[in-house]
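Per-entry structural report
Residue-level listing of the chains:
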Amino acid sequence: MMSNITFSHPYFFWLLLIVPAYIAWYVWKQKGMQASLKISTLKGFAQAPVSKKIYLRHLLFAFRVLSIILLIIVLARPQSSNSFRNEITEGIDIMMALDISGSMTAEDFKPNRLEAAKEVAEEFIKGRPNDKIGLVIYAAESFTQCPLTTDHKVLINLFRDINEVSLDNSGTAIGMGLATAVQRIKDSKAKSKVIILLTDGENNKGEIAPMTAAEIAKTFGVRVYTIGVGTNGMAPYPVQTVFGKQYQQVEVKIDEELLQGIADLTDGKYFRATDEQKLDEIYKEIDLLEKTRIEVREYTKRKEEYWWFAALAGLFLLSEIFLRSTVFRNLP
């Protein structure tokens, strides 16, 4: 609940311009009322008492000015308002399908493709606290690492545990990874169901063709955003030898036509990430595309507050009248 003061007729505040003009007139009038007397010396008046009423008489004018200001505020019609604001947040369901095949250890991303993808995905998850998010990992086979959940701390911990040996990494089964993600999200009651599929290669394993999995996703109203990860050209790939870890340059092969086709079929979008910064920008763009829907209901109740100011104005006026007819009765 929020309470604040507003004015129904604020244009009456222009009348406040009267106040400085009135003060200027009063000062000019006081100077004109002071008489002058020429004498040879002031020694005889040095100890003469000066009545405090001479200075306090200006209090009457101050009361009058305050009364005028308060009456102008009354004319502006102050009102207090109490606002009740209810927010209803409806999240979406998101399954993340992450390629963890051996090629994801290529170091064209730092420290490598897989670790970079995990870091960016973690930040994406943290930025969507109202959504249910799950995780599927795939290489030569697919596996549900985490079903849809709002417990994002658990999900992030499971993300961090992933490495390239979590599954058989001898191939890339894009169709299987997508099909598993669809299986996990198809029965969701959310109005928006999304899969973010990330891979750095071509489909060369699995019993389900990627476009078949995409057709299933479309049937269940699931939108798929696909991300191809890998620099253009060649990438340094680590290889274990008898002499330790060695690097060899491997050509980056991403089936962009396939990924574009999956995205188009499911009303999603295809992205290409050639470095960590681009990958981060892609997730931010998906975040904007799939923002949670917030409905706001607002109720406002207004109450007249002018009587406070009217009462104060009356008090100052009565005080001026009373003091003028008693304490300051004999003053000009």
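Described below are features of the structure shown in this document. Computed from a predicted model, the values in this text were never measured in an experiment. Per chain, residue numbering runs from 1 following the sequence as it is written. In view of the model being predicted, local features appear only for residues whose pLDDT reaches at least 70, and side-chain atom pairs are presented and counted only at 80 or more, with totals across whole chains, interfaces and linings using the full set of residues. In computing side-chain values, all of the structure's heavy atoms are included and hydrogens and water are not.

1. Structural notes on the overall build of the chain
Helix and strand counts for the chain come out as 10 helices and 11 strands. Should any heavy atoms of two residues lie within 4.5 Å, those residues are considered in contact. In the chain, of all internal contacts separated by at least 6 residues, the share reaching a separation of at least 24 is 81%. Each accessible area is a Shrake-Rupley estimate made with a 1.4 Å probe; only the visible protein chains count as cover when residues are assessed. Carbon and sulfur atoms form 57% of the exposed surface of the chain, whose accessible area is close to 19,500 Å². For the purposes of this entry, the term helix denotes a DSSP run of H or I that reaches at least four residues, the term strand denotes a run of E that reaches at least two, and both are numbered from the N terminus.

2. Let's talk about empty space enclosed by the protein
Any space left empty among the atoms is revealed by the rolling of a water-sized probe across them. Only protein atoms enter the 1 Å grid used here. Points where a 1.4 Å probe fits but cannot escape make up a cavity, open sets with protein on both sides within 12 Å along at least five of seven lines make up a pocket, and a residue lines them when an atom lies within 4 Å of a point. Grid points are joined across faces, edges and corners, and a volume is the space filled by probe spheres set on the points. Applying the stated rule across the entire model yields one cavity of 30 Å³ or more. Considering only enclosed or pocket space, the largest cavity measures out at about 30 Å³ in volume. Together, M96, A97, L98, I196, L198 and Y283 line the largest cavity. Listing elements by their share of the lining of the largest cavity, those giving two or more residues are strand 3 (93–99) and strand 6 (193–199). By residue number, the principal contributor to the lining of the largest cavity is strand 3, which donates three residues.

3. Quick notes on the sheet that holds strand 10 (residues 269–273)
Whenever strands of a sheet pair, they do so through backbone hydrogen bonds, lying parallel or antiparallel. Any two strands with at least two DSSP-identified bridges between them are counted as paired. Sheet architecture is open: six strands sit in the order 5-4-3-6-7-10, paired in mixed fashion. Each edge of the sheet is formed by a strand with only one pairing partner; in this case those strands are strand 5 (142–149) and strand 10. Across this sheet, the average inter-strand angle for adjacent strands is 15°, counted without regard to direction. Examined bridge by bridge, strand 3 and strand 4 (residues 132–138) share seven bridges and lie parallel to one another. Across the sheet, the residue bridging to M96 is L135, located in strand 4. For every element, the axis is a line fit to its C-alpha atoms; helices are fit only across the contacting stretch, and the angle between N-to-C directions ranges from 0 to 180 degrees.

4. Here we look at helix 6 (residues 174–185)
Expected helix span is given by 1.5 Å per residue-to-residue step, counting one fewer step than there are residues. With 12 residues, helix 6 extends 17 Å from end C-alpha to end C-alpha; this agrees with the ideal 16 Å at 1.5 Å per step. In terms of burial, helix 6 is largely enclosed, as nine of its 12 residues are buried. Per-residue accessibility, obtained with a 1.4 Å probe over protein chains only, is compared with the maximum for each type, and a residue is labelled buried under 20%, exposed over 50%, and partly exposed between these values. Taken residue by residue, helix 6 has I174, G175, G177, L178, A179, T180, A181, V182 and I185 as its buried positions.

5. Some points on the nonpolar core
With 36 residues, the main nonpolar core has M96, I227, L279 and Y283 as its most contacted residues. Examining the composition of this core, we find that seven residues originate from one element, helix 4 (residues 113–126), more than from any other. The contacts of I227, once residues within four sequence positions are left out, are I196, L197, L198, T199, L259, Y270, F271, A273, L279, I282, Y283 and I286. We call a set of buried Ala, Val, Leu, Ile, Met, Phe, Trp, Tyr and Cys residues a nonpolar core when their side-chain atoms join them within 4.5 Å. Grouped together as the second largest cluster of nonpolar side chains are 26 residues, M95, V182, A213 and L259 included.

6. A closer look at the pairing of strand 5
Sheet analysis places strand 4 next to strand 5, joined by five bridges and oriented antiparallel. Counted as the bridge partner of I137 is F143 from strand 5. Linking strand 4 to strand 5, which pair antiparallel, is a turn of three residues.

7. What about a nonpolar patch on the surface?
A contiguous nonpolar surface patch, about 430 Å² in accessible area, is contributed by Y11, W14 and L17. We classify W14 as exposed; its relative accessible area is 64%. Residues enter patches when their relative accessible area tops 30% and they take part in no salt bridge; the joining distance is 9 Å for like charges and 5 Å for the nonpolar side chains Val, Leu, Ile, Met, Phe, Trp and Tyr. What makes a salt bridge here is a side-chain nitrogen of Lys or Arg within 4 Å of a carboxyl oxygen of Asp or Glu, nothing more.

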